[in-house]
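Notes for the structure review
What follows is the residue order along each chain.
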Amino acid sequence: MNQTRNDPASNSLAVAFYRYRGLVIQSLRSDINERQKRTGDVVLAGIITLLLIDAQQGASPHWQCHIEGLQNLIKLRGGIRSLARSASLAPLLHCFVFVAVIGNTSSPASHLATTTLRLEETDFILEEFGNGIFDFQMCPKPLFAEIIRINHLRARAWKQGSAGLEHLAQQAYGVLSRVNVFSPEQWADSKPSSKEDWRIVAESYQAAVSLYCILSLQSLSVLPLTPLLRASCTTHGQLLQKLLKEAQSSPRIKRFTLWPLVVLGVQAVNGGAVMRAFVREHLPEMSRHIGSYVPLTVKAVLEKFWASGETGWDACFDKPYPVVMQIAVDLSRLNQ
């Protein structure tokens, strides 16, 4: 539907889409109401499938309820550590972790508490789910770990208010330091092939994580609005635009750069008309390329933000938006 949305034939696809979505919901409701089925693997798979459906199609503005439902079921199954022992559930849990973490970045700080993964589980999650070639949508594992930490700093800053911000600022500078010393070249060299593509992706995420850290934590007064940090954002924004321009010309990697492009879109409120035009142009292209409505949703959110006169991260994401491109999850091992 998203690849042929101007074709009249897509109307029949939309009818079928909503019919099948309704059947999925009915089936899940039936299984959840049966005590012996509600914590089964198939129910977990069904909720994750519905999560991806709603995230990609915008069928429901309340996609976070699926994350919260999954969290509750995971607790009933003994937690992530317990479920991770099941090889059949590994792709499902990986999807859950990725959507929860990246979804938090594009949500207001007031909505993070219920979907933030426990920090003490971070190392386990990264080790268990972050060793594959394409895990975390090609985001380098060390940088994905820093995204999780930034999410936690945002949640804590919202809860604490002005109290304890100095301690949080120290941790934020620690995040920036670790992101800056990360080596995209070394990470790319560890890959078996296409090292230049891996380098571009890694450098894009490195610049994007730095921007996310500064912009989101300045929005909560954790980090100050200093000329040094402003200059850092300008430098990272210009570099990120250059890298994403290279990535958009490569069909192999451009589908993995949505999140960096969204971060650039937030920086573009201060980056000038050329940067905003770049983001505005490439989001629809990405939507058609992958077959997802998400980039179009993001485009509307960013354009509203650019016109608002606001500049803060939380002013851009006034409600939770799932800026993820994954459209399906591997269920092939579910019945093994």
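These notes cover the structure that comes with them. Fair warning: this is a prediction, and the values are worked out from it, not measured in the lab.

A side chain with one charge may pair with a side chain of the opposite charge, provided their charged atoms come close. Enumeration over the complete set of coordinates arrives at 13 salt bridges. Between Glu146 and Arg149 there is a salt bridge, and its shortest N-O distance comes to 3.0 Å. Linking Glu146 with Arg149, this pair stays in helix H7 (residues 141-160), spanning 3 residues, or about one helical turn. Glu146 gets classed as buried once you look at its relative accessible area, which sits at 5%. One salt bridge connects Asp197 with Arg252, and the closest N-O pair in it is separated by 2.7 Å. One end of the pair, Asp197, is in helix H10 (residues 195-218); the other, Arg252, is in the loop between helix H11 (227-248) and helix H12 (258-271), and 55 residues separate them in sequence. Judged by its relative accessible area of 10%, Asp197 is buried. Note on Arg252: relative accessible area 55%, which makes it exposed. Because the salt bridges share partners, they merge into one network encompassing Asp31, Glu34 and Lys37.

Here we come to H7. Over its 20 residues, H7 extends 29 Å from the first C-alpha to the last, a length consistent with the 28 Å expected when each residue adds 1.5 Å. Taken from the residues just after H7, Gly161 is the one with a positive phi, measuring 70 degrees.

The first and last C-alpha atoms of helix H14 (residues 294-308) sit 21 Å apart over 15 residues, in line with the 21 Å expected at 1.5 Å per residue. Buried within H14 we find Val294, Pro295, Leu296, Val298, Val301, Leu302, Phe305 and Trp306. Downstream of H14 by a residue or two, Gly309 has a phi angle that is positive, lying close to 85 degrees.

Here is what the cut-offs are and how they apply
- Residues numbered from 1 in each chain as written.
- Predicted model: local features only at pLDDT ≥ 70, side-chain atom pairs only at ≥ 80, totals over all residues.
- Heavy atoms only, no water.
- Salt bridge = Lys/Arg side-chain N within 4 Å of Asp/Glu carboxyl O.
- Helix = DSSP H or I, 4+ residues; strand = E, 2+ residues; numbered from the N terminus.
- Buried < 20%, exposed > 50% of the residue type's maximum accessible area, 1.4 Å probe, protein only.
- Expected span 1.5 Å × (residues − 1).

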